[in-house]
Amino acid sequence: MAELDKAIRRPAIWVVIVVGTTLSVAFNYGVSYVTYTNPGSGVSAAAQQEMLTTMLPDQMIATVIAGFPVFASAFALVLGVLIMGSEFSWGTFKTILVQRPGRLSVLTGKLLVLSGVVLAFVLTVFVSAAISSYTIATIENASVNWPSMWDVLIAIGGGWLILAVWAVFGAALATLFRGTSLAIGLGLVHLLLVEGVLDVGRQTSNILADLSAALPRSNASSLAAAVIPSSSEVSEAGVEATVGSTQATLVLIAYLVGFVLVTSLVFYKRDVT
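Described below are features of the structure shown in this document. (Residues numbered from 1 in each chain as written. Predicted model: local features only at pLDDT ≥ 70, side-chain atom pairs only at ≥ 80, totals over all residues. Heavy atoms only, no water.)

Some remarks on the overall build of the protein
Working step 1: Assigned secondary structure in the protein consists of 13 helices and 0 strands.
Working step 2: Counted from the first residue to the last, the protein has its helices and strands arranged as α-α-α-α-α-α-α-α-α-α-α-α-α.
Working step 3: Taking 2.2 N^0.38 as the reference for a compact globule, 273 residues should give roughly 19 Å; the C-alpha atoms of the protein span a radius of gyration of 20 Å, in line with that estimate.
Working step 4: With respect to the three principal axes, the spread of C-alpha positions in the protein is 65 × 45 × 35 Å.
Working step 5: Counting the 273 residues in the protein, one finds 46% classified as buried.
Working step 6: Total accessible area on the protein is roughly 13000 Å²; 66% of this is exposed by carbon and sulfur atoms. (Helix = DSSP H or I, 4+ residues; strand = E, 2+ residues; numbered from the N terminus. Rg over C-alpha atoms; globule rule 2.2 N^0.38 Å. Buried < 20%, exposed > 50% of the residue type's maximum accessible area, 1.4 Å probe, protein only. Areas by Shrake-Rupley, 256 points an atom, 1.4 Å probe, with all protein chains shown as cover.)

Description of the pattern of salt bridges
Working step 1: The final tally for this structure, using the stated rule, is 4 salt bridges.
Working step 2: The shortest N-O distance in the salt bridge between Glu87 and Lys6 comes to 2.7 Å. With Glu87 in helix H5 (residues 68–90) and Lys6 in helix H1 (residues 2–9), this residue pair connects regions lying 81 residues apart in the sequence.
Working step 3: In this structure Glu87 comes out as buried when scored by relative accessible area, which is 4%.
Working step 4: On the accessibility criterion, Lys6 (24% relative accessible area) is partly exposed.
Working step 5: We note a salt bridge from Arg202 to Asp199, for which the minimum N-O separation is 2.8 Å.
Working step 6: When its relative accessible area of 22% is taken as the criterion, Asp199 is described as partly exposed.
Working step 7: A single network of salt bridges, built from pairs that share partners, joins Lys6, Glu87 and Lys110. (Salt bridge = Lys/Arg side-chain N within 4 Å of Asp/Glu carboxyl O.)

Things to note about the packing of aromatic side chains
Working step 1: In the structure shown here, the tally under the stated rule is 9 aromatic pairs.
Working step 2: Measuring from centroid to centroid gives 6.4 Å for Tyr134 and Trp146, while their planes differ by 15°, and the two rings are stacked. Placement of the pair is Tyr134 in helix H7 (residues 103–139) and Trp146 in the loop between H7 and helix H8 (149–177), with a sequence separation of 12 residues.
Working step 3: Using a relative accessible area of 44% as the deciding quantity, one classes Tyr134 as partly exposed.
Working step 4: Note on Trp146: relative accessible area 43%, which makes it partly exposed.
Working step 5: On the numbers, 5.1 Å between centres and 40° between planes, the contact of Phe169 with Phe259 is tilted. (Phe/Tyr/Trp six-rings, centres within 6.5 Å; stacked < 30°, edge-to-face > 60°.)

Quick notes on the side chain of Arg10
Working step 1: Structurally, the position occupied by Arg10 is in the loop between H1 and helix H2 (11–37).
Working step 2: No salt bridge is formed by the buried Arg10, whose closest oppositely charged neighbour, Glu87, lies at an N-O distance of 6.8 Å.
Working step 3: In contact with Arg10, not counting residues within four places along its chain, are Leu82, Ile83, Ser86 and Trp90. (Lys, Arg positive; Asp, Glu negative; His and termini not counted. Contact = heavy atoms within 4.5 Å.)

Points about the nonpolar core
Most often, soluble globular proteins keep nonpolar side chains buried together rather than apart.
Working step 1: In terms of nonpolar packing, the biggest core is built from 77 residues, with Phe68, Phe126 and Leu163 touching the most fellow members.
Working step 2: Not counting chain neighbours up to four residues away, the residues in contact with Phe126 comprise Met60, Val64, Ile65, Phe68, Ala155 and Ile156. (Core = buried A, V, L, I, M, F, W, Y, C linked by side-chain atoms within 4.5 Å.)

Quick word on the packing of H7 against helix H13 (residues 245–269)
Working step 1: Axis separation between H7 and H13 bottoms out at 10 Å; the angle between their running directions is 145°. The crossing of H7 and H13 is right-handed. Judged by residue contacts, Arg103, Leu104, Val106, Leu107 and Leu111 of H7 engage Val260, Thr263, Ser264, Phe267 and Tyr268 from H13.
Working step 2: For the contact of H7 with H13, the residue count by class is 7 nonpolar, 2 polar and 1 charged. (Axes fitted to C-alpha atoms, helices over the stretch in contact; angles between N-to-C directions. Left-handed = near helix turned anticlockwise from the far one by under 90°. Nonpolar A, V, L, I, M, F, W, Y, C, P; charged D, E, K, R; others polar.)

Overview of a nonpolar patch on the surface
Working step 1: On the surface, a nonpolar cluster with roughly 400 Å² of combined accessible area is contributed by Val15, Val19, Leu23, Phe27 and Val31.
Working step 2: Structurally, Leu23 is set in helix H2. (Patch = residues over 30% accessible without salt bridge, like charges linked within 9 Å, V, L, I, M, F, W, Y side chains within 5 Å.)

Overview of the side chain of Arg202
Working step 1: Turning to its location among the elements, Arg202 is positioned in the loop between helix H9 (181–201) and helix H10 (206–213).
Working step 2: A relative accessible area of 17% means that Arg202 is categorised as buried.
Working step 3: Ignoring any residue separated from it by four or fewer positions in sequence, one finds Arg202 in contact with Leu208, Ala209, Ser212, Glu240 and Thr242.

Focus: the environment of Ser230
Working step 1: If you trace the backbone, Ser230 turns up in the loop between helix H11 (216–227) and helix H12 (234–237).
Working step 2: For Ser230, a relative accessible area of 80% gives the class exposed.
Working step 3: Ser230 sits 168 residues away from Ala62 along the chain, and the two C-alpha atoms are 9.9 Å apart.

Written as structure tokens, this is what we have:
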């Protein structure tokens, strides 16, 4: 309960969630709508109509989930680092461990709060997208057809798993490096640069393709593609299924469990002062 209260009272957590949600809405709906209403001379009527289609409620899942494997994952990583690493930066872990039952109890509380914060982030993004898509549909007098509740729940669950992996990865890095700055830097380098290069290289190398298929980002993209309803075009959503949905889910769960174990082992054994 104390960890939850601490997270709620921390402005940095809210800033990350608000900025991540705002940028998601801005990129997925704001920029797209401006382009739709002010098209260039080379944009055909069919292309313009396609822009509008991607912003309508029935395409909400495809539009939103496309940003989870990379864009939203970066914010989730930062959340994980902040929740776990700030105590190291402040030097407060020693005091906390003196007052509480034990290290694993403290860590369990932090990881549970982190999972809840990630879920709040996912829900905020989806709710904001729903409001944005409904607003655009109303302005343009377009039909409002929502995805089924089951499809939405599946997408929220898949989105949570994707972001939870990167959030716990951030927590693991923060525990390893006992701070926030280096953990955020190295985490983002891995997510954006290392896995980004491998993702490009897999198109020309079988070895790189196999390596990429074993890493979180490719499996996150495959899971994102899998949760998009069949009425949407995966290719247009910007995600690609390089592995099957079952494999993607199992690999991400394995990474999630692995990162939790690494965090637990290091936190339990290492001097936190």
